[in-house]
Structures are given as C-alpha cells and as structure tokens.
There are 2 protein chains.
Amino acid sequence: MVDCCPCFGGSQNGREEEMRPLIGTSRRHDNVSLPRKDYESLDYDRCYNTPYADYVEKQTKDHSVAKLEAIKWIVTFFVGYLTGMVALFIDSIVKLLTRLKFSAVDDSIRSCSEDGCLILSLLIMLCFNVGFVIIASSLVILEPIAGGSGIPEIKCYLNGVKVPRVGRLRTLVSKSVGVLFSVAGGLFVGKEGPMIHSGAIIGAGVPQFQSIAFKAINFKYSFFRTDREKRDFVSGGAAAGVAAAFGAPIGGVLFSLEEGCSFWNQKLTWRTFFCSMAATYSLNFFLSGIGSDEWGYFYLPGLINFGVFKYQGQHLWNAMDLLVFLAIGFLGGIFGAAFNAINKRLTIHRMSHVNKKHKVIRLLEAGLVAAVTTTIAFIGAMLVGECRPIPKSELINGTDTAVRTYFCDKGEYNDMATLFFNSQEEAIKQLFHQEGKFSLATLGIFFIVFFFLACWTYGVHVPSGLFVPSLLCGAAYGRFVATLLVNYIGYDKSIYSGTFALIGAAAFLGGVVRMTISLTVILIESTNEISYGLPLMLVLMVAKWSGDLFNEGLYDIHIKLRGVPVARMGSSTWNGENEGKRHNGEVT
Amino acid sequence: MVDCCPCFGGSQNGREEEMRPLIGTSRRHDNVSLPRKDYESLDYDRCYNTPYADYVEKQTKDHSVAKLEAIKWIVTFFVGYLTGMVALFIDSIVKLLTRLKFSAVDDSIRSCSEDGCLILSLLIMLCFNVGFVIIASSLVILEPIAGGSGIPEIKCYLNGVKVPRVGRLRTLVSKSVGVLFSVAGGLFVGKEGPMIHSGAIIGAGVPQFQSIAFKAINFKYSFFRTDREKRDFVSGGAAAGVAAAFGAPIGGVLFSLEEGCSFWNQKLTWRTFFCSMAATYSLNFFLSGIGSDEWGYFYLPGLINFGVFKYQGQHLWNAMDLLVFLAIGFLGGIFGAAFNAINKRLTIHRMSHVNKKHKVIRLLEAGLVAAVTTTIAFIGAMLVGECRPIPKSELINGTDTAVRTYFCDKGEYNDMATLFFNSQEEAIKQLFHQEGKFSLATLGIFFIVFFFLACWTYGVHVPSGLFVPSLLCGAAYGRFVATLLVNYIGYDKSIYSGTFALIGAAAFLGGVVRMTISLTVILIESTNEISYGLPLMLVLMVAKWSGDLFNEGLYDIHIKLRGVPVARMGSSTWNGENEGKRHNGEVT
C-alpha cells in the first residue's frame, strides 16, 4: 500500500549511523562473503506524497486510524502474551525432561557408587543426552534456519534484510521444540536466544492472523502487511522474548532498540514496552500460580532467577572493588574475543565441510558433541570434583536440593558435579551466592572445559542460545578471581564473592556479544539489584572495548560469514575507530 | 564545521514522526501563537559530501577520531559528575534552610500552644517563607528564563529549537540558587525540574570549557561547537539531572530519549547512560559518605528515597487490585487534564498581566502565593488535622521524627501537619507506607487544597519543578481511594495502601505531564521495586489516554503558549488521532 518514492531513499531511517548498509558493508569488511541473492531487503520507509496524505486525511476523519491503532495495541498484547506462553512451554518441558533423565541417572549412580558399575551410569546418561540432541538436530535439519540462537537473523530482519524463512511457523515449531531437546540433552546451550527468535516469529505472524502453513485463515487488515508494520511487531516480539527469558521488560525494549537500531520511532518504544510487559507478567502470572497454587499474584518475574543478593547486611561492593572489576572486565573482553575468534574459524570450517549437503555429518556432529560433553562432565565430576559438607541452607530444602552428592559420602556434595549436572541457571545461582563453596581447581578447570565445549557447541546444528552458557562460564571465571584474591593474595576477606561472579559473567558475555546498555539493564533487572548498575556498566564498557580491539561481536561475525548484506550494527562504540569506519560506510 | 546541504533538509533526523515541526505545529494547533523571531533553529544534521568524507577518512587514518572520542567520554563523565554535585548542593542547602526555619517555628508553636499566641508562630513562618520566596523570585527577575521547571525549554532545545539564553551560566546560577529558596519557602514546587535544567546547562557548557560569562577560558576542540555535538551533551546532562534527582539512571536515558525524541542515535544512548550513571553514583558516593562517615560505599541512590515497599511478607498487589488501579489511572488522567486546563488559563492571564513589564507585580504575586500557601497550611493543620498516636517506628527514630506533633498532646501527631510541614519527599514517603495513618477528611482536603495551590504556583516567577508536587498530590488521592475502599466499601482489608498511594501518584503525574516509558521506569527505579512494573505502566497508559481526550501535557501547553515553533513531541499515543495529526504534520 505504501510504496516509497526513490527521492527519500533510506534517508528517513531512525539512525544516521546505519545508512546505506549494503555499500557500507562491502566497503568495510574485506573478508565479507558477497551478498547472496536470496536475501531481499525490506522497505521500512514511508513515502509522504499527496495520495498518501489524502489517504491519511480521510482515515483520520472517519476515525479508522483510531480503530486501527486500538487493534494494533490489542494485537501487541497477544504477541506478548503468546511469547510468554511459548517461554512457559519451553521451560516446563525442559524441566520435565531433565527430571526424567536425572531420576534414572541418580538411582544408577547411587547404587553403582558401591558396586563400582559407574560406567553403566555414564552409558545411561549418554543414551539420554545423545538421544535428545539427535532429536533436536534432526528438527534443525528439517528447517535449517532454526539452528543457532536466531539473534543474528532477528538483527538482520530489524535492520532491513529479509532472511528467507526466518519468520515461518515451521521455523517456530522446530526452534521451540528443538531447543527443549538440545537443552535437556545437557549441551552447553541456552534457551534464551531461541525464545527471542520465537517471540520475533510470533510478532511476525500474529498480526496477520495467518501463516503460510495455514493459508485458509485470513485477516482483512492489509495495513499490517507492510514491512514497516511487520517490523514494529517483530521488534515487539523480540523484546517480549528477552522480557520473558530474563524477566526484564525494560531490558527487552532496549535490546530491540540496540539490535534493531537502524529503524526506530518514539511510539514504537512504548508499544514495545507494552509487549514486553505483557510477556513478562503473563509468564509471571502462570509461573507463580502453578508454583504456589495461589493464583492472582506475581512473584516469579522471569525464567532466570538469580536469587536475592544479600550478604549479612554488608555491602555488596565498594569503591575499591571497582578497580578489580575493571580488570575482570578487561580480561573478560579478551576471553570473549578469543571465544569469537575460535568459533569463527570453526564456523568457516563447518560452512565448507558440514553444510546442507552433509545432513548425516550434521547429525553425527551433534551427537558427538553431546557424547563428549557428557563424558567429560561425568569424568570431571568423578576425578576432579571435591566433596564438601552440604551447607545448611541446602539441607533445609530437603529433597530437591541444588547441590549434587555424586561420588561423595553422606552429607557431602560434589562441587564439580553441582556445576555440571545442574541446569545452567541453577549452577549460575550457586556461583552467584555465598552458600555454595568451590575449590580454585574446580572453578579453573570448569571454566576452561566449559569455554572450549561451549565454543564448539555454538554452531552445531541444533537450536542453541549463547546467553546463559556465557554467563555460567563467566561466573566461574569471576568466582575464580574472587577465590584467588581472598585465599591466595590476601584481598579483603569480607568481599561478597557472588558479586565477583556476577561481574565475571557480565564481562565474559559482554566480551562475546558486545552488547552495551541492553545487557546492563537485562542484568540489573534479572538480579533485581539496582545498586549493581555502575559496576555492570563499567565492566561491559571495558569488556566491549578490549574485545573490539581484536574482533567483532559473535552475532555480527555470524551475520557476516553468512554473507547477509547488512552493515555492522551501530552498537555504540567508545573508541573512534568504528566511528570512522561507519563514516566511511555512510559516505561511500 | 559541518554545514548541512539543503538536499537532506531534516530528513535524517531520528524520528520520522517529528519531521518538519514548524509546518506541523502551525497546521495542527489553532490556538498556537505565531513563532517569535527570537527563536533560532538548531542544525542537527550531518552533511555527507566528498570534502567531509575526505576529512573523516583523514581523521580516521591519523586516529584523531579515536582521541576525540576518548575526550568525548571523559567530558561526558564530568558533565554527569558536576550535575550530581549541583544536585548535592541544592539538596543540602534546602535541608539546611528548612531546618533553620522549623527550628524557630517549632519552638514558638510548642510554647504558644499553651500561651495561645499561635498567631505569632504563623507570623514567624510567614516571614521565613515570604522572605525566601521573594529572594527566589528576584533571582528569576534578573534572569527570566530561570523561572518555571525548565523542562519545556530542554524539550525545545533537544528537538531543535534554540530558546535564547537557555544554556547560560547565569541561568544555571539563578535557577539552582533560586530553587533552593522557592523550595525552602514552603511553596508547592519541586526541585527536580530545575535540576534537569541545570544538568542540561552543564551539558551545554562544560564541553566547551567556557561560558559567555568567562570569555577568557577557551578550548581548542571546535568539534564540540557544532549544534549536533552540543545537543548530544545536553541530552546527556538532562538525563544526568533526572538520574541524580530520582536515582534513576535508566529512567534518565529514557527521559532524554522520550523528550528529545526528534533526534537520536544509537551511540548517544550508551553515552547518555554513562552520563546518568556518573551523576547517580557521584551523588550516591557523597550522600552515603556524608550520611555515614564511612566512605567508599553506595547505598543512597538518589535524592528521592521512597523507602522499601514491604508489607509483612504479604504481596504488594494482586490481579484484582489491577482493576482498581485502572480506575485510579483513568480518574487521575482527568484530574491531570483539569490541572492543565486551569493552569493554561492562568498562564494566558499571566502572559498579558504579569509579564516582563510588571517586575513588581511578579514579586508581589510570588510573595502572595507564599503567604497564602503558608496560612492555609497552618490553619488547615490547626483546624482539620487529626491527632493520632505516634507509630512505634517513628518513636524509635527519636528526635528527627517525620511526623509533626503540632497542636497535639504528647505522644500524638497531627496528620495534616505531617503532610503540610514536612518536605514533600517526606510527606510522600509517609503516604507510601503503612505506618503513618491519615483520616479520609485529611486526605481529601489535603488533595483539594494542594491541587489548587500547586496549580496556582506553577507559573509563578520562581524556579519551580512539577514532579514531586504532582506525586504528592496524587499520592494523597491514591491513599484516599485506598482508605475509602477499605473503611467504607469493604474492599479486601489486607491491601497495602502504600501501593495505592504510589499508583495514585503515578496516575496524577502521568495525567499532568503525559510521559510514558520514562516515567514508568523512573518510578520503578526510585521505588526500587521492579514488581510494580505492570501496574505503573497500565496506570500511566490509561492516565495519558484519558488526559489526551481533553488537552495536551502541561509542558507542551507551555511550549505552545510561548509560541516556540516546535511540534508536539512524539510522545507515544495509543489513540490514533494524534497519529493522524502527525501525518498531517509530516505531509503538509
């Protein structure tokens, strides 16, 4: 309905910095593959010409604009609501599958610890994990675009490049079902990325009340069919995905704002916020209701709950610690850059050897990763894990205690097993809080093993998020630093090592994805501790800066490797180099 | 350095919605005064032509862009830091002056309560208040632009209209000193608006290391002289002002984003966030240090501290309450619209009768308002105030208890006096929490009296913010509703009436200023209670909607009345009417 007149050619978009992405990229990145012709560009510009003016004038008069606007808000609500429900579905099924798996494994380990048939327990675990992962992988083979985290695709879409099949119902199904199994399969992957992608797909699909899968259902508001309208709903859906995953509605909005920065307008902010809120609180409502059988209350904001950061009334951090945090951030950025560099090589290798032509190899690789991950975790826990007395707080919980007692005497827990065999969220929680204690060796080895395995895993053909694994990896790193400082360097003993773990997590994740304000806010919201604002911001800043010295964020790397014709996103950079680059991009 | 070529004519700005403000306005608002010729328009566009490209290319090569970028960040830090310091200055002096005043008044009231010479106490209070307000007003007469809250001016500036003298050092001084006295003078004004304005002035001045007042000092980075650069720092400073005032760094960023929505880019978000953080935490650092003599810790986020919302482990709100909240929001929007309508008439009257020509009348009006406010508060507390036993929590505090015991027997406090004679922040705190109890009559009368006095006060020629008075007025309204529901309608007795007060505050403030996401986030941050996200958002949404049925936000009204040639800000509207209007604006 709205065709854009060439005279405006892209000059109206929301960010000066991201103009003319195509030219920008091709000039800027030497190693970029040539744009593939199956990518179409989306048209987000409005054309203000007399016919359109009259059209709007007319609509304004007979108030059909008002109606349409009202409908927009209702649809936005449903986008948020459904995203919340998908998140709820993923979360509960993952929990179910994991419980199923561990109920079997726990028994066998308990009995085998005496009879010394632990190899059997390992085999049982292998069957579960490899089986799950194979299912996940085969779903991705049916719908290749469902692999990976999906955030790169969303980034492309929001910045005006249509990646084929990215918004299909089929993609949604294989993504959301696939991620269940890849997570339940004990891979070092998160479910956040896929949730965000799911949200975006819902945002793309719902406003049209139809999907290519079900052509029958149709919807008369052709208005929502313009790329522009669709994009608005997609950014809403993506924000809702973040909001549901982390219980961070504000962070969700800023995520869409930061990732989809090429096009934005003021009203979109508010509607996106509404969408995130709808997702957060519909999820919250059901989680709280199911959790307590007392409906109508809201106390479980998101799927990730880092627990309350409190430390016997003492301060969580002070000005002195800030200096350490900066160092952690700097190093975290370098670790992140290393992660990206390794993963980039791997991806290039995969593109030539494990591509669409080699479906079986893809399956096998996924299975292999699962097997190796499981075995290493199992053996690591057996050999390296230290047995420590179970803290009282855990004993109170009774049965479903978070610490794992494998290979230990009664009343003791295995610190390595606690990290490897819990859900990653639970492991992060353990690292973020004082109760669980971990030896330096455990933390160090865990970090290294996890680093490489996660790096290998991202890019395997299963739906796989990057957020939570990076957080866990970084949390181990931060906790390692804290333990080192206190026990071996004689740093102030009263520090709250949970804070250091959080800072480490932020530093590593920041070094990998190079997100700035949205990541800060997401972490503030999901820790529900506003006083962490300053340290988190500084650390993410330093991490991004030190990382940018070596390479780009992982999402941008993957976007480029696929030859998607989109410019480097204008995620804010404090060093002028990219500024300059961007200028080139603009003025070329 | 960068002149914009006409070919781009404003088409690059960050928001499609706000293009061509001038045409937009004049077409849209029938009662708008004609643009006055002393307003200049600012040029925020970059021109991408070959010479500029070469210039950037060159700069990129010899890394001077990197240097410049680094300097930008350092300067940004100082903008934030200084804003924090100004906030600290204002806050501490206000506290000082108020303590001075009440030490005298308290004694006289205590003695006179027996001897029945209360008229004397009233006179003492009058001397103080009228005196203070006269000082404030005379400062404004020296520098007229320092009157009012300053937010309309900032809005204009950020959207590309240069209001004369708005960024001068002289304005900063008379604004920040003036607001001390207008607040200490017991007027129903807040110090937040002026703080935001001060922040913006600092942002405009510091990057140039010079002010028109001190021509001697000069600074070689002519780069920061472009309107574009200056605007970036101004939005940073404004955000820092919000951040310092409310301890809401994220809210600050969103404030700048929402108010200055015509021009924005991705990098600006991150730098603005950095600026707000600098302000929040430098203020926090000193407040905490001074407060506890234990330096290096951060536990007093902002000047406004609404205290911790906790209710004997019970829920703060539930799904049922949401319906009541919506009603409160709807009514609050109408109250806000009424406030705006009355204030608009008043302002029009003032423009013709109390303008620059009538300096003395201005002084007298300010003095009159002070006198009337004081007298009404005093008599109201004496006649209407109810004496109630002082809650234990207050007794523990001992000397500097928040409740006022005027005209009451020992161990009792006067609820009306507690609202009138505390700092407004303290009064809000009382209303937001369960301890202080207030009779229905007190709340009702207080709301009505405060409503009209605040409405009369806004526009008097003193520096005067609008945020906190509106919050207080709304809090009384919300608390009134809660008391009514529980005691007279038999609503669930276990509700936390503090939540209702908060919702009422949000509803009324939202109805007056019509801000959306930034206000939501500011309130979430300053209550430090993320679980209030949904109710606050819904209420602000409904309030804005019901208010928009009648008139615009107060800031927009004042902007228009002054004939500033700027379009209605693109603050998100959920009803399509304005959307339509805006189209007109765009396509005219």
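Quoted verbatim from the Subcellular location (unreviewed entry) heading of the UniProt record, the comment on chain A is "Membrane".

Asker: I'm lost on the overall build of chain A in this one. Help?
Answerer: In terms of helices and strands, chain A carries 22 helices and four strands. In chain A, buried positions account for 65% of the 588 residues. Contacts in chain A between residues far apart in sequence, at least 24 positions, make up 79% of those at least 6 positions apart. When the accessible surface of chain A is totalled, it reaches about 20,600 Å², and 66% of it is carbon and sulfur.

Asker: Explain unusual backbone geometry to me, please; I cannot follow it from the model alone.
Answerer: The phi angle of most residues is negative, glycine excepted, and most peptide bonds adopt the trans form. Residues and elements named next belong to chain B. In this structure, Arg514 is a non-glycine residue whose phi angle is positive, near 60°. Along the chain, the position of Arg514 falls in the loop between helix H18 (497–513) and helix H19 (517–527). On the basis of relative accessible area, Arg514 is assigned to the buried category, the value being 2%. In this structure, Asn528 takes a positive phi of about 50° despite not being glycine. Looking at the secondary structure, you find Asn528 in the loop between H19 and helix H20 (533–548). According to the relative accessible area criterion, Asn528 is partly exposed, its value standing at 40%.

Asker: I keep staring at helix H11 (residues 319–353) of chain B and nothing clicks. Help me out?
Answerer: Side chains that are three or four residues apart share a direction in an α-helix, a result of its 3.6 residues per turn. The first and last C-alpha atoms of H11(B) sit 51 Å apart over 35 residues, in line with the 51 Å expected at 1.5 Å per residue. Sitting at the amino-terminal end of H11(B) is B:Asn318, which places a side-chain oxygen 2.9 Å from the backbone nitrogen of B:Met320.

Asker: Help me understand the side chain of A:Lys175 in this model?
Answerer: Residue and element names in this part refer to chain A. One can find Lys175 in helix H6 (residues 169–184). Lacking a salt bridge, the buried Lys175 has Glu153 as its closest oppositely charged neighbour, with an N-O distance of 5.3 Å. In this view, Lys175 contacts Ile145, Ala146, Gly147, Gly148, Ser149, Gly150, Pro194, His197 and Pro463; residues no more than four positions away in its chain are not counted.

Asker: Just to check I follow, could you spell out the domain arrangement of chain A for this structure?
Answerer: By a frequent convention, interface size equals the accessible area lost on bringing the separate parts together. Residue and element names in this part refer to chain A. Domain boundaries in chain A define domain 1 (68–100 + 132–288) and domain 2 (319–548). Computed from C-alpha coordinates alone, the two centres of domain 1 and domain 2 are separated by 26 Å. Taking both sides of the interface into account, the surface hidden between domain 1 and domain 2 amounts to around 2,900 Å²; carbon and sulfur atoms contribute 71%. Contact with domain 2 buries area across many residues of domain 1, yet Ile141, Phe188 and Phe246 alone supply 27% of it, more than any other trio. Remark: the boundary between domain 1 and domain 2 carries one salt bridge. A salt bridge links Glu425 to Lys191, with the nearest nitrogen and oxygen atoms 2.8 Å apart. In this structure, the connection of domain 1 to domain 2 is made through 14 residue pairs in polar contact (both at pLDDT 80 or more). Those elements that place two or more of their residues in the side of domain 1 that touches domain 2 are helix H4 (118–142), helix H5 (151–158), H6, helix H7 (192–205), helix H8 (227–246) and helix H9 (249–259). When its residues are assigned to classes, the side of domain 1 that touches domain 2 shows 21 nonpolar, 13 polar and five charged.

Asker: What is the right way to read a nonpolar patch on the surface from this model?
Answerer: On the surface, A:Ile74, A:Phe77, A:Phe78 and A:Leu82 cluster together into a nonpolar patch covering about 340 Å² of accessible area. Structurally, A:Ile74 can be placed in helix H3 (residues 64–115).

Asker: Would you take a moment to explain the packing of helix H7 (residues 192–205) of chain B against helix H8 (residues 227–246) of chain B for this structure?
Answerer: Each pair of packed helices can be summarised by the angle the axes make with each other and by the distance between the axes. Residues and elements named next belong to chain B. Look at H7 against H8: their axes get within 7 Å of each other, and the N-to-C directions meet at 145°. Along this stretch, H7 crosses H8, giving a crossing that reads as right-handed. Contacts between H7 and H8 involve Glu192, Met195, Ile196, Gly199, Ala200, Gly203 and Ala204 from the former and Lys230, Phe233, Val234, Gly237, Ala238, Gly241, Val242, Ala245 and Phe246 from the latter. In terms of residue class, the contact of H7 with H8 is made up of 10 nonpolar, four polar and two charged.

Asker: Could you clarify how one ought to interpret the state of the cysteines in this entry?
Answerer: Note: disulfide means a covalent bond formed between the sulfur atoms of two cysteine side chains. Residue and element names in this part refer to chain A. Per the counting criterion, the structure on display carries two disulfides over all chains. The disulfide bridge from Cys112 ends at Cys117, spanning 1.9 Å between sulfur atoms. Here the S-S torsion is close to -90°, and the disulfide linking Cys112 with Cys117 is therefore left-handed. Relative accessible area serves as the criterion here: at 2%, Cys112 is assigned to the buried category.

Asker: I tried to follow the nonpolar core on my own but got confused; where do I start?
Answerer: Across soluble globular proteins, nonpolar side chains show a tendency to be buried alongside one another. Counting residues in hydrophobic clusters, the biggest one holds 316 residues, and the most contacted among them are A:Phe421 and B:Phe421. Non-local contacts of B:Phe421, meaning those with residues more than four positions away in its chain, are made with B:Phe102, B:Met125, B:Ala377, B:Phe378, B:Ala381, B:Arg404 and B:Tyr406.

Asker: How do you make sense of the packing of aromatic side chains when you look at a structure like this?
Answerer: Centre-to-centre distance and the angle between the planes together describe a pair of aromatic rings. Residue and element names in this part refer to chain A. Counting across every chain of the model gives 64 aromatic pairs over all chains. Counting every residue linked through ring pairs, the aromatic cluster contains Phe335, Phe339, Phe447, Phe451, Phe452, Tyr477 and Phe508. Positioned above the aromatic ring of Phe233, the side-chain terminus of Arg271 is 4.9 Å from the ring centre.

Asker: Hey, could you run me through the pattern of salt bridges in this one?
Answerer: A side chain with one charge may pair with a side chain of the opposite charge, provided their charged atoms come close. Scanning all chains against the criterion turns up 35 salt bridges over all chains. The partner of A:Lys72 in a salt bridge is A:Glu69, with the nearest N and O atoms 3.7 Å apart. Of this pair, A:Lys72 and A:Glu69 are both found in helix H3, three residues apart, which corresponds to roughly one turn of the helix. Accessibility assignment for this pair places A:Lys72 and A:Glu69 in one class, buried. Between B:Arg165 and B:Glu143 there is a salt bridge, with its nearest N and O atoms 2.7 Å apart. Highlighted residues: B:Arg165 in the loop between strand E2 (161–162) and helix H6 (169–184) and B:Glu143 in the loop between helix H4 (118–142) and helix H5 (151–158), separated in sequence by 22 residues. Judged by its relative accessible area of 33%, B:Arg165 is partly exposed.

Asker: What should I look at first to understand the packing of helix H17 (residues 467–489) of chain B against H18(B) in this one?
Answerer: All names here are of chain B. Relative to each other, H17 and H18 sit at 135°, their axes nearing to 6 Å. Considering their axes alone, H17 and H18 lie oblique with respect to each other. When the axes of H17 and H18 are compared, the crossing they make is right-handed. On H18, the residues touching Phe467, Ser470, Leu471, Cys473, Gly474, Ala475, Tyr477, Gly478, Arg479, Ala482 and Leu485 of H17 are Ser497, Phe500, Ala501, Gly504, Ala505, Phe508 and Leu509. Taken together, the residues of the contact of H17 with H18 break down into 12 nonpolar, five polar and one charged.

Asker: Explanation requested: the side chain of A:Thr83 in the structure shown.
Answerer: Residues and elements named next belong to chain A. Along the polypeptide, Thr83 turns up in helix H3. Polar contacts involving the side chain of Thr83 include one to the main-chain carbonyl oxygen of Val79, which spans 2.6 Å. Discounting residues that sit within four places of it in the chain, Thr83 has contacts with Gly199, Ile202, Gly237, Ala240 and Gly241.

Asker: Quick question: what am I supposed to make of the confidence of the model for chain A here?
Answerer: A low pLDDT score tells you not to read the predicted coordinates there in detail. Residues and elements named next belong to chain A. Of the residues in chain A, 81% reach a pLDDT of 70 or more, and the chain-wide mean stands at 80. Throughout residues 1–33 the model reports pLDDT below 50, and contacts reaching past four residues in sequence, or to other chains, amount to 94 contacts. In this model residues 396–400 is a low-confidence stretch, pLDDT under 50, and it forms zero contacts with partners more than four residues away in sequence or in other chains. At the level of chain-chain contacts, confidence expressed as ipTM amounts to 0.84, with global pTM at 0.85.

Asker: Would you mind going over the environment of B:Ser176 with me for this structure?
Answerer: All names here are of chain B. Among the secondary structure elements, Ser176 is positioned in helix H6. Expressed as a C-alpha distance, the spacing of Ser176 and Ser198, which sit 22 residues apart in the sequence, is 6.9 Å. In this structure Ser176 touches Val86, Ile90 and Ser198, once residues within four positions along its chain are discounted. Side-chain polar atoms of Ser176 contact the backbone oxygen of Leu172, separated by 2.7 Å.

Asker: Help me out: how do you make sense of the environment of A:Val234 in this one?
Answerer: All names here are of chain A. Relative to the helices and strands, Val234 is located in helix H8. On the basis of relative accessible area, Val234 is assigned to the buried category, the value being 3%. C-alpha of Val234 to C-alpha of Thr76: the two residues are 158 residues apart in sequence and 9.9 Å apart in space. Those residues within four positions of Val234 in sequence are excluded, and the remaining contacts are Tyr157, Leu158, Ala200, Gly203 and Ala204.

Asker: Would you mind going over the environment of B:Phe188 with me for this structure?
Answerer: Residue and element names in this part refer to chain B. Counting through the fold element by element, Phe188 comes out in the loop between H6 and H7. Between the C-alpha atom of Phe188 and that of Ala370, which follows or precedes it by 182 residues, the distance is 9.1 Å. Once residues within four sequence positions are removed from consideration, Phe188 is found in contact with Thr373, Phe420, Gln424, Phe450, Leu453, Ala454, Thr457 and Pro469.

Asker: How do you make sense of helix H12 (residues 359–383) of chain A when you look at a structure like this?
Answerer: All names here are of chain A. For H12, with 25 residues, the first-to-last C-alpha span of 36 Å sits near the 36 Å given by 1.5 Å per residue. Within H12, the full set of buried residues consists of Arg362, Glu365, Ala366, Gly367, Val369, Ala370, Thr373, Thr374, Ala377, Phe378, Gly380 and Ala381. The secondary structure elements touched by the buried residues of H12 are H3, H4, helix H11 (319–353), strand E4 (412–414), helix H14 (415–420) and helix H16 (440–457).

Calculation notes
Residues numbered from 1 in each chain as written. Chains lettered and ligands numbered in written order. Predicted model: local features only at pLDDT ≥ 70, side-chain atom pairs only at ≥ 80, totals over all residues. Heavy atoms only, no water. UniProt positions renumbered as here; feature names shortened; annotations may be inferred. Helix = DSSP H or I, 4+ residues; strand = E, 2+ residues; numbered from the N terminus. Buried < 20%, exposed > 50% of the residue type's maximum accessible area, 1.4 Å probe, protein only. Contact = heavy atoms within 4.5 Å. Areas by Shrake-Rupley, 256 points an atom, 1.4 Å probe, with all protein chains shown as cover. Expected span 1.5 Å × (residues − 1). Polar contact = N/O pair within 3.5 Å; in protein donor to acceptor, adjacent residues only side chain to side chain. Lys, Arg positive; Asp, Glu negative; His and termini not counted. Salt bridge = Lys/Arg side-chain N within 4 Å of Asp/Glu carboxyl O. Domains from an automatic or database assignment. Buried area = accessible area lost by both parts, 1.4 Å probe. Nonpolar A, V, L, I, M, F, W, Y, C, P; charged D, E, K, R; others polar. Patch = residues over 30% accessible without salt bridge, like charges linked within 9 Å, V, L, I, M, F, W, Y side chains within 5 Å. Axes fitted to C-alpha atoms, helices over the stretch in contact; angles between N-to-C directions. Left-handed = near helix turned anticlockwise from the far one by under 90°. Disulfide = S-S within 2.5 Å. Core = buried A, V, L, I, M, F, W, Y, C linked by side-chain atoms within 4.5 Å. Phe/Tyr/Trp six-rings, centres within 6.5 Å; stacked < 30°, edge-to-face > 60°. Lys NZ or Arg CZ within 6 Å of the ring centre and 35° of its normal. Parallel < 35°, antiparallel > 145°, perpendicular 65-115°, else oblique. pLDDT = per-residue confidence, 0-100.

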